[in-house]
Amino acid sequence: AARDNFEINTDNILAILGASLYWAEGGKTQRGLVRFSNGDPKMIKLMMIFFRNVCKVPENKFRAHIHIPFSLDYHASEEYWSGISQIPLAQFFKTYRKPDGNKESLRKTLPYGTFDIYVCDTKLFLTIQGWIEKIVLSFND
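Residues numbered from 1 in each chain as written. Predicted model: local features only at pLDDT ≥ 70, side-chain atom pairs only at ≥ 80, totals over all residues. Heavy atoms only, no water.

## Here's the deal with the pattern of salt bridges
What the rule picks out here adds up to two salt bridges. One salt bridge in this structure joins Arg52 and Glu59, with 2.6 Å as the shortest N-O distance. Under the relative-accessibility criterion, Arg52 is labelled partly exposed at 21%. On the basis of relative accessible area, Glu59 is assigned to the partly exposed category, the value being 40%. For Asp121, the salt bridge identified is with Lys61, shortest N-O distance 3.8 Å. Of this pair, Asp121 sits in the loop between strand E4 (114–120) and helix H6 (122–138) while Lys61 sits in the loop between helix H3 (41–54) and strand E2 (62–69), placing them 60 residues apart in sequence. Among the residues examined, Asp121 registers a relative accessible area of 24% and is labelled partly exposed. By relative accessible area, Lys61 is classed as partly exposed at 31%. (Salt bridge = Lys/Arg side-chain N within 4 Å of Asp/Glu carboxyl O. Buried < 20%, exposed > 50% of the residue type's maximum accessible area, 1.4 Å probe, protein only. Helix = DSSP H or I, 4+ residues; strand = E, 2+ residues; numbered from the N terminus.)

## Quick notes on the packing of H3 against helix H4 (residues 74–85)
If you want to describe how two helices pack, look at the angle between their axes and the distance between the axes. Across the interface, H3 lies against H4 with an axial gap of 9 Å and an inter-helix angle of 45°. Relative to H4, the element H3 is oriented oblique. From H3, Pro41, Ile44, Lys45, Met48 and Arg52 reach across to H4, where they touch Tyr80, Trp81, Ile84 and Ser85. Looking at the contact of H3 with H4 residue by residue, the classes come out as six nonpolar, one polar and two charged. (Axes fitted to C-alpha atoms, helices over the stretch in contact; angles between N-to-C directions. Parallel < 35°, antiparallel > 145°, perpendicular 65-115°, else oblique. Contact = heavy atoms within 4.5 Å. Nonpolar A, V, L, I, M, F, W, Y, C, P; charged D, E, K, R; others polar.)

Shape is all these values report; function is a separate question.
Put into structure tokens, the structure is as follows:
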């Protein structure tokens, strides 16, 4: 019922949502690197739409990186995330296979590991930071 009664009536909802998710989950320490990490395929799909449609990132600028427990099938993970993101495997960095330890719950909740989207673009980094500042300022009147 909550979903049915929730109205989205702004033209720039994707820009606001993408910038807000980046604020929460994006890399902010390297000025020239736009990096977004998550293990939720729905969030990755949404951010790829944001990067493609709002930010106008050219396809050849995308890079990807996977972090996965050593015991999981990294080939299946690479195919999975390539399908979700539509980033070709040729644009992936080498998958990081971390030691398992006692992380059984991670293998269950993140069966394909976590996925990082990379775009090397200082202007885009600064643009997204500006959008975040605008969102914050709009609530601090």
